[in-house]
Each structure stands twice: as C-alpha cells, then as structure tokens.
Amino acid sequence: MTIFRGTFIDTPENPFDGGNLRVDSDTGLLVQDGVIVARGPFLEIRSAHPAEQVVDLTDGVVLPGFVDTHVHFPQIRAVGGLGLPLLEWLDRYALPEEARMADVSYATSVANEFVRGLAAAGTTSALVFGAHYVDAVDALFNAASGVGLRVTSGLVLSDRLLRPELLTTPVRAYAESLALANRWHGVGRNRYAVTPRFSLSCTDDLLATCRELMDAIPGALFTSHVNENEAEIASVADLFGGADYVTTYDRHGLVDRRTVLAHNVHPTDVELKMLATSGATVAHCPTSNAALGSGLFPLSRHLQYGVRVALGSDVGAGTGFSLLKEGLQAYFCQQLLADQGRPLTAAHLLYLSTAAGAEALDLPRVGHLSVGQHFDAQLLRPADGSPLAVAITHAEDTEEALARIFTLGTPADVQAVWINGTLLH
C-alpha cells in the first residue's frame with residue numbers, strides 16, 4: 001500500500017445540482033492495488049499505517065485525472081488549421097489526415113504521439129474517435145495499452161459523401177467492427193465504441209448496422225457528432241427527409257444512456273427533450289466550436305432540459321489536449337452569452353472535466369478521489385516564479401487557486417500522472 005500526501009481537490013457531487021468543491025489540505029489517501037481504501041487527515045492515516053510508503057505531493061495540488069469525452073486520434077497533426085468552417089475544414093485539413101491512416105507505420109506513429117499527448121495533459125480516460133482503417137484502430141489500442149490509458153474507441157464508419165478511400169459498406173462495417181471489438185473490448189482498460197462519423201456521411205442502412213453492433217457488443221458505447229454547424233444541419237435534414245439531427249440516430253435506437261454526441265451547438269427543443277429522456281450525454285467542445293466559428297454552446301438550455309454535459313478537447317479542430325483550456329473556453333462562451341449563458345465557477349469547470357466525463361463514459365470508479373475509487377490523478381505544480389505559481393500563491397482560497405489553474409494552467413504544469421495508482425513515465 002502507498003499513502004499519497006497532499007492537497008486534493010475534486011467534485012464528488014455535481015455542482016450544477018448544489019454540490020460543493022471538495023478541498024482537503026494535508027490529507028492522506030491510502031491506495032492499495034490502485035484503489036483508494038482510506039482517506040483522511042495525513043497524520044491519522046499515517047498513524048494507522050506507519051509502515052507504508054509515503055509519496056509527498058504537498059508542493060502542488062492533486063486533481064482527478066481528466067476525462068475527455070470527444071477527441072480524434074487521427075487529427076493530432078491537423079491542429080491549427082484555422083480560418084475555415086466545419087465542412088471546408090474537414091476537406092482541407094482533417095480528412096486528408098484521416099486518409100493517411102491507411103499507412104500502418106504512419107498511423108502507429110500518430111497513435112504514439114496521441115496517447116502521450118493525452119497523458120501529458122493530465123487526461124487519464126478518453127472517448128476517442130478512432131480511424132476509418134482497422135489497422136490504425138489496432139495501433140491506437142496498442143499504444144493506449146502501452147501507456148495504460150483508459151480508452152474507449154472504435155472504427156469510424158461512413159458510406160457516402162466523403163473521400164472514396166474512407167467509405168465502407170454496412171456488411172464490411174459490421175464484420176470489421178465486431179472483429180475489433182472481439183480483440184479489444186474489455187481487454188485491459190480498453191473498451192469499444194460504435195462510431196459513425198456523422199449522419200451526413202451515413203445512410204440509414206449503415207446506421208441500422210450500428211444498432212446491430214450495439215446489440216452484438218455488450219457494454220459498448222455509441223458516439224458521433226450532432227448539430228455542430230448550420231450548413232451541416234441543413235444538409236442532414238435534406239438527406240433524411242426533413243428529420244432533425246438527433247432523430248436520424250434515434251430512429252435506429254442509437255440514443256440512450258450509452259450515447260455521447262459531440263457539439264450540439266444548435267439543438268431544437270424537441271432534440272433536447274429526446275437527449276434528456278434517453279440519458280445521452282453531449283460532449284461540449286468549446287475551443288473547436290470557437291475555432292470553426294460553429295457557435296456558442298447553449299449550456300443553460302441543456303441544463304434546463306436535464307441533458308448531461310461533459311467536456312471534449314476535439315483535437316484536431318480543438319486547440320490541444322488540455323481540458324484546462326477547454327474549461328476556460330467553456331467559461332468564456334457562457335460569459336459571451338450574457339443573460340442567455342450559465343455562469344460557471346471553478347467547481348463547475350473541474351466537474352465538467354472529470355466526474356461528468358466519467359459518468360458519460362460509464363466509468364463509475366473514476367472522476368473523483370473518494371474511497372473506493374481508482375487512484376487516477378494528476379499533480380499540478382507550476383514552475384517557481386511562473387505566472388501560475390505567482391497567481392496561486394496570492395489566491396485568497398483554494399477555489400480561487402483552482403480558477404487560476406484553469407485560467408493559466410497548461411500541460412507543462414502537470415508534473416505527474418497516475419492511473420490506477422501507477423505513475424506514468
């Protein structure tokens with residue numbers, strides 16, 4: 001067993017429902033086989049377990065590992081493609097990188113960069129949009145297994161309107177997806193997600209196949225995109241006889257508690273009701289929405305209807321892996337919406353980055369640092385004299401310090417990351 005000593009900050013209770021930020025200074029967490037088995041004042045924990053190793057983290061603050069609910073593995077080298085809206089950006093930047101995943105050596109190199117980038121940003125669990133190629137998805141799961149990340153991913157499916165080399169058929173999609181799931185779902189920390197790119201590039205036949213895959217893979221998640229861009233939404237309506245975007249998935253039984261849909265910047269009230277009733281989650285991707293000019297996320301309306309929301313980095317339209325900057329951008333977005341926005345505190349930002357994502361990904365034992373949870377955690381310790389170090393030193397309390405971490409923090413301030421109690425190197 002190991003005792004971790006430090007200041008621990010988390011959100012075991014939802015602050016949108018009245019939960020408070022939990023801050024415990026000079027606290028001890030006793031970890032056995034990756035699980036927190038005791039928590040309390042350090043001196044009490046130490047007195048009860050005098051022979052156990054102590055890891056002293058008192059020179060920083062410890063947060064739960066971040067949970068990223070929407071990030072694209074093939075697009076890490078497309079980050080920074082500015083100046084275009086969604087559909088044009090896909091054609092110019094994202095889809096050429098997606099096509100390069102056909103080269104297994106290239107895909108393997110990107111996969112290794114990708115998982116290292118996630119871990120370096122303090123992300124310990126992620127719902128990852130995979131690739132259109134089986135071997136590339138294998139490379140991702142292999143790379144994630146090597147690092148130890150909790151990754152849920154799958155083969156990306158499309159059968160129309162994209163580059164020809166990215167298209168599949170319903171029969172092939174079923175066979176390849178099921179084979180991947182048989183290799184990786186539930187193996188180590190890997191899980192499978194059925195992943196149509198978006199309704200725009202999927203026929204009803206392919207979406208029906210996705211439903212068949214959900215039935216064939218117990219415990220699989222479903223993820224895709226929804227209501228990101230107004231031109232995209234209009235095209236989807238044209239292709240599906242005027243149906244709203246959520247209905248294109250729901251008519252195939254693809255909207256339930258296992259569903260995570262990214263963006264939802266322009267939802268109708270009917271769609272919000274469907275999402276709330278089903279228990280689906282929306283992955284809010286604020287830097288991507290801003291970079292592509294997609295719009296300002298209507299968080300208040302989601303909360304009003306009871307729709308679950310968590311954060312996603314959406315690399316490569318998003319501006320990097322750090323959920324600290326996604327939290328800050330989420331805050332900016334709500335401020336810009338003025339009286340239509342939902343004011344956010346540091347507690348809200350931490351919850352959206354951790355426990356909300358864990359709930360969305362059906363990972364009940366990560367997301368906060370309570371007894372019985374896996375010790376998935378990160379140590380934030382800025383360099384002496386850095387703007388963040390100065391800001392934390394002069395914060396009035398820990399919640400203000402956390403706000404300054406979200407404002408100024410970067411992956412460079414993440415000094416250590418643990419998954420299941422194991423320090424990542």
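Here the structure is a predicted model, which means the values were calculated and not measured. (Residues numbered from 1 in each chain as written. Predicted model: local features only at pLDDT ≥ 70, side-chain atom pairs only at ≥ 80, totals over all residues. Heavy atoms only, no water.)

Before going further, it helps to spend a moment on the environment of threonine 7. Mapped onto the elements of the fold, threonine 7 is located in strand E1 (residues 2–10). Here the alpha-carbon distance between threonine 7 and valine 23, two residues 16 residues apart in the chain, equals 7.1 Å. Residue contacts for threonine 7: discarding those within four places in its chain leaves Val23, Asp24, Ser25, Asp26, Gly60, Val61 and Val62. (Helix = DSSP H or I, 4+ residues; strand = E, 2+ residues; numbered from the N terminus. Contact = heavy atoms within 4.5 Å.)

Right, let's get into the packing of aromatic side chains. For the structure shown, the criterion picks out 10 aromatic pairs. Geometrically, the ring pair formed by phenylalanine 4 and phenylalanine 375 is stacked, given 4.3 Å between the ring centres and 25° between the ring planes. With phenylalanine 4 in strand E1 and phenylalanine 375 in the loop between helix H14 (355–360) and strand E14 (377–380), this pair connects stretches of sequence that are 371 residues apart. Considering the side-chain rings of tyrosine 245 and tyrosine 249, the 6.0 Å spacing of their centres and the 25° angle between planes classify their relative orientation as stacked. Of this pair, tyrosine 245 and tyrosine 249 are both found in helix H8 (residues 245–250), four residues apart, which corresponds to roughly one turn of the helix. Like tyrosine 249, tyrosine 245 is buried. Connected via pairs of aromatic rings, a cluster forms that spans Phe4, Phe375 and Trp418. In this arrangement the basic side chain of arginine 77 is found over the ring face of tyrosine 106, its NZ or CZ atom lying 4.6 Å from the centre. For arginine 92, the ring lying beneath its charged end belongs to tyrosine 93, and the centroid distance is 4.6 Å. (Phe/Tyr/Trp six-rings, centres within 6.5 Å; stacked < 30°, edge-to-face > 60°. Buried < 20%, exposed > 50% of the residue type's maximum accessible area, 1.4 Å probe, protein only. Lys NZ or Arg CZ within 6 Å of the ring centre and 35° of its normal.)

The next thing to look at is helix H4 (residues 134–147). The α-helix winds at 3.6 residues per turn, so residues separated by three or four positions along the chain end up facing the same way. For H4, which comprises 14 residues, the first-to-last C-alpha distance of 20 Å matches the rise-based estimate of 20 Å (1.5 Å per residue) to within 8%. Restricting attention to buried positions, one finds in H4 the residues Val134, Ala136, Val137, Asp138, Ala139, Leu140, Phe141, Ala143 and Ala144. Looking at the buried side of H4, the elements it contacts are helix H3 (104–120), strand E6 (123–129), strand E7 (150–154), helix H5 (170–184) and strand E9 (191–196). Directly after H4, the chain includes glycine 148, whose backbone phi takes a positive value near 105°. (Expected span 1.5 Å × (residues − 1).)

Core analysis: the largest hydrophobic core is formed by 107 residues, its most contacted members being Phe73, Phe114 and Tyr249. For this core, the element with the highest residue contribution is H4, accounting for eight residues. Built from parts of two domains, this core gets at least three residues from each of domain 1 (2–64 + 367–423) and domain 2 (66–361). Each residue touching phenylalanine 73, except ones within four places of it in the same chain, is listed here: Met101, Ala107, Val110, Ala111, Phe114, Val128, Phe129, Gly130, Ala131, Ala136 and Leu140. (Core = buried A, V, L, I, M, F, W, Y, C linked by side-chain atoms within 4.5 Å. Domains from an automatic or database assignment.)

Turning our eyes to something else, we now look at the UniProt feature "domain: Amidohydrolase-related" (unreviewed entry) in the chain. On the UniProt side, "domain: Amidohydrolase-related" (unreviewed entry) is annotated at positions that read residues 61–423 here. As annotated, residues 61–423 has a helix share of 44% and a strand share of 17%, and its two end C-alpha atoms lie 16 Å apart. (UniProt positions renumbered as here; feature names shortened; annotations may be inferred.)

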